[in-house]
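If you want the building blocks of each chain, they are given just below.
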Amino acid sequence: MFPSKTLLSTVLIALSVVDASPVRRESSSTLGFTARVNARADTLNIAAADRARAQAMQRFGNTNKRAGSSSFSITNAATVYTAQVGVGSPANQYTLLIDTGSSNTWVGATTPYKTTSTSVNTGNSVSVNYGSGSFSGEEYLDTVTLSSGLVITGQSIGAAKTSTGFTNFDGILGVGPTDLTQGTVSNVDSVPTVTDNLYSKGTIGTEALGVYFAPGGSAGELTFGGSDSSKTTSSINYVPLTTTSPASSYWGIDQSITYGNTNILSATAGIVDTGTTLILIATDAFQKYQSATGATVDNNTGLLMITSAQYANLQTLNFNIGGVNYGLTANAQIWPRSLNTDIGGSSDSIYLIVNDIGSPSGSGLDFINGYSFLQRFYSVFDTTNHRVGFATTSSTSATSN
């Protein structure tokens, strides 16, 4: 149902690190990435794929240790994001999935890991189960090159001996919370992420990651060490990470949602996640939203479908986060119509990007603000200050869908 189709051309890496001193740098560096429809997603419709990921996150987020198992299936995501990452010296290039919901970095699913002069075998084994995909192998410490200004020495790398579910990619660049590595590598409690090491080695001044998407398949970028003010049209408003479990195991925040003047979801905990394509909300909230919009469920895509008349009457969907309203316009609430056939839909239909998380409110993870939210708002994942931030962009009110 999902043809293999690249949505974006690979963008060049832009660098802003120029200080060669050994002290901590206050500048940041930006890594461009590519988005594409995942060819493996043909086994599930887009909503079911996101829901399976969400339910796994709810289950595993309640455990203190990952016990060798991460918390979701990245391999069935309908939309995935990749970057070219060098490992070793001289660097071998790998195509890695980028994800804020996992934290191990590993290679070897398609292109085998090749040792170089900088490769150090730690003697530890590594194993992560992503639900429908997994990998296991050996841990190495090696040089990771994201760009000429983002070079990490001694980074923990999983060298896959076996893997399942990764047919078009070489592995994962994990940029989630460090705790998600717990129990994945033998003989250690957890391992530093690439962002951890960029900060500890002084390459970036703040352990933060800025993420920029744009609607309709435009180029995206990750900014290590802060944010890119050229991509925002407002100040960044930050909120502290939630303390409610299981959302607290991820990039969790508290928010409420209203549709027009109708309360859809009272203040509760959920997460912000680049690996989820849609916006998922608790079942009772989803039922309110469906009733308010008059939408019906399309069996092929699993998405809500509306008529042109209903689209014309869509009201703003407001996400209240830290006292600030982030509104999704009518156009922002629909799937890009130019990509309808890529998800098994009809080219002339109108689909909504809000869907059912699969459990009632009160679970401790009652929503996921996924790609469909993040393409309208710039986001910053700030480990140093234990917070997440959002800002408007030129795409916030765009009508590109």
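Everything quoted here is computed from the prediction, not taken from an experiment. (Residues numbered from 1 in each chain as written. Predicted model: local features only at pLDDT ≥ 70, side-chain atom pairs only at ≥ 80, totals over all residues. Heavy atoms only, no water.)

Enquirer: Hey, could you run me through the overall build of the chain in this one?
Expert: Looking only at helices and strands, one finds five helices and 24 strands in the chain. Considering the chain as a whole, with its 401 residues, one finds that 58% of them fall into the buried category. A sequence separation of at least 24 residues applies to 70% of the contacts in the chain between residues at least 6 apart. Summed over all atoms, the accessible surface of the chain reaches about 14100 Å², with 48% contributed by carbon and sulfur. (Helix = DSSP H or I, 4+ residues; strand = E, 2+ residues; numbered from the N terminus. Buried < 20%, exposed > 50% of the residue type's maximum accessible area, 1.4 Å probe, protein only. Contact = heavy atoms within 4.5 Å. Areas by Shrake-Rupley, 256 points an atom, 1.4 Å probe, with all protein chains shown as cover.)

Enquirer: Could you clarify how one ought to interpret the sheet that holds strand 14 (residues 262–272) in this entry?
Expert: The strands making up a sheet associate through backbone hydrogen bonding, with each pair oriented either parallel or antiparallel. Read across the sheet, seven strands follow the order 19-18-13-14-22-15-21 without closing on themselves; strand pairing throughout is mixed. The open sheet terminates on both sides in strands that have one partner only, identified here as strand 19 (324–328) and strand 21 (354–356). Averaged over all adjacent pairs, the angle separating strand axes in this sheet is 35°, with direction ignored. Bridge analysis of strand 13 (residues 252–259) against strand 18 (residues 317–321) gives four bridges, and the strand direction is antiparallel. Residue pairing across strands places Thr-258 opposite Asn-318, the latter belonging to strand 18. (Pairing = 2+ DSSP bridges. Axes fitted to C-alpha atoms, helices over the stretch in contact; angles between N-to-C directions.)

Enquirer: Before we go on, may I ask you to explain the nonpolar core in this structure?
Expert: Grouped together as the largest cluster of nonpolar side chains are 85 residues, with contacts concentrated most on Leu-146, Phe-224 and Ile-281. In terms of residue count, the dominant contributor to this core is strand 14 (five residues). (Core = buried A, V, L, I, M, F, W, Y, C linked by side-chain atoms within 4.5 Å.)

Enquirer: Hey, could you run me through helix 3 (residues 283–293) in this one?
Expert: A turn of α-helix holds 3.6 residues, and therefore any two residues three or four places apart point the same way. Residues of helix 3 that are buried include every one of Thr-283, Ala-285, Phe-286, Tyr-289 and Thr-293, and no others. Buried residues in helix 3, looked at end-on, bunch into an arc of 155°, giving them a common side. A positive phi of about 75° marks Gly-294, the residue just after helix 3. (Arc of directions from axis to C-beta.)

Enquirer: What is the right way to read the packing of aromatic side chains from this model?
Expert: Pairs of aromatic rings are described using the distance from one ring centre to the other and the angle between the two planes. According to the stated counting rule, one finds eleven aromatic pairs in the structure shown. Here the aromatic rings of Phe-373 and Phe-377 are separated by 5.0 Å at their centres, their planes lie at 35°, and the arrangement is tilted. For the pair formed by Phe-373 and Phe-377, the shared burial category is buried. Note that Arg-387 overlies the ring of Tyr-238, its terminal NZ or CZ placed 3.6 Å from the centroid. (Phe/Tyr/Trp six-rings, centres within 6.5 Å; stacked < 30°, edge-to-face > 60°. Lys NZ or Arg CZ within 6 Å of the ring centre and 35° of its normal.)

Enquirer: Help me understand the confidence of the model for the chain in this model?
Expert: Scored by pLDDT, the chain comes out at a mean of 84, with 83% of its residues at no less than 70. Here residues 1–26 is a poorly scored stretch, pLDDT under 50, and it has 77 contacts once near neighbours within four places are set aside; other chains count. pLDDT under 50 marks residues 64–77. Its contacts with residues more than four places away, or in other chains, come to 66 contacts. (pLDDT = per-residue confidence, 0-100.)

Enquirer: Is there a simple way to think about the sheet that holds strand 16 (residues 296–297) in this case?
Expert: Strands sit in the order 16-17-20 across an open sheet of three strands; the sheet is antiparallel. In this open sheet, the two strands that pair with only one neighbour each are strand 16 and strand 20 (350–351). Pairing between strand 17 (residues 304–306) and strand 20: two bridges, direction antiparallel. The partner of Ile-306 across the bridge, within strand 20, is Ile-350. Docked against the sheet, helix 3 engages strand 16 and strand 17, running at close to 15° with respect to strand 17.

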